[in-house]
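What follows is the residue order along each chain.
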Amino acid sequence: MAKQGDKIINERTGQTMVFLQTGKETNGRLLEIETFNPKTDMREPVHVHPKQESSAKIISGKLHFLVNGKEQIVGVGEQITIPAGIPHCFWNENDLVAHSVQQFMPALHIDEFFESFFALANDGKLNDKGVPPFLQLPLMGLKHKDEIRVTSPPWAVQQLTYWLLAPISFLLGYRAKYSSKK
């Protein structure tokens, strides 16, 4: 579990994340992170935070957001707030590293998801679309169902698939929390 001041790096995209406030320090009220996003062609999958509002305030550079199918460019001093359940993703396609402060309210356990996701990226376990291994997904998907979900296939299909495959994933050694093997 992340704590205030911890830093993680996604070697796949170059993103650096510093935990400013975690659910532990805020009694679950929020997770606040400082992120540094270099230019990359690798985008995260479109996803939703079913029970969390998320926001980003840009300190330097620009971030491109795809929110509910519409692209927005958010620049220095600007902020974007994405209500719970709205499909989105973001990326930096500019040469300047984008520096932002992002918040997730309530915190839930999104910090644990980020730690596992970055560890998977660093171990080369994500596919070209930034998705974890097929048998890793059932355990992570069920554990973090309130924090984050991809938008396709529909959640009912994902949930059924996860419930059917989770025991097999577990027996094969997969766990909901992934720690880097490096």
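Residues numbered from 1 in each chain as written. Predicted model: local features only at pLDDT ≥ 70, side-chain atom pairs only at ≥ 80, totals over all residues. Heavy atoms only, no water.

1. A closer look at the pattern of salt bridges
For step 1, the next point in the chain: Throughout the structure, instances matching the rule amount to six salt bridges.
For step 2, the next point in the chain: Measuring nitrogen to oxygen at the nearest pair gives 3.4 Å for the salt bridge that ties Asp146 to Lys51. Linking Asp146 in the loop between helix H2 (137-143) and strand S11 (149-150) with Lys51 in the loop between strand S4 (47-48) and strand S5 (53-60), this pair joins segments that are 95 residues apart in sequence. (Salt bridge = Lys/Arg side-chain N within 4 Å of Asp/Glu carboxyl O. Helix = DSSP H or I, 4+ residues; strand = E, 2+ residues; numbered from the N terminus.)

2. Description of the sheet that holds strand S3 (residues 31-37)
For step 1, the next point in the chain: Taken together, six strands build an open sheet; the order of strands is S1-S2-S3-S10-S5-S8 and the sheet is antiparallel. Both outer strands of the open sheet, strand S1 (7-9) and strand S8 (79-82), are each paired with one neighbouring strand and no more. Going across the sheet, the axis of each strand differs from the next one's by a mean of 20°, ignoring polarity.
For step 2, the next point in the chain: Sheet strands touched by helix H1 (residues 110-122): S1, strand S2 (16-21), S3 and strand S10 (98-105). Its angle to S1, the strand with the most contacts, is close to 40°. (Pairing = 2+ DSSP bridges. Axes fitted to C-alpha atoms, helices over the stretch in contact; angles between N-to-C directions. Contact = heavy atoms within 4.5 Å.)

3. Considerations on the nonpolar core
For step 1, the next point in the chain: Judged by nonpolar contacts, the single largest core of 20 residues is most densely connected at Met17, Phe19, Leu31, Ile33, Ile110, Phe113 and Phe114.
For step 2, the next point in the chain: Secondary-structure elements contributing two or more residues to this core are S2, S3 and H1.
For step 3, the next point in the chain: Looking at which element gives the most residues to this core, the answer is H1, with eight residues.
For step 4, the next point in the chain: With near-sequence residues (within four places) excluded, Ile33 lies in contact with Met17, Val18, Phe19, Leu20, Ser100, Val101, Gln102, Phe104 and Phe114. (Core = buried A, V, L, I, M, F, W, Y, C linked by side-chain atoms within 4.5 Å. Buried < 20%, exposed > 50% of the residue type's maximum accessible area, 1.4 Å probe, protein only.)

All we've got here are geometric facts, nothing functional implied.
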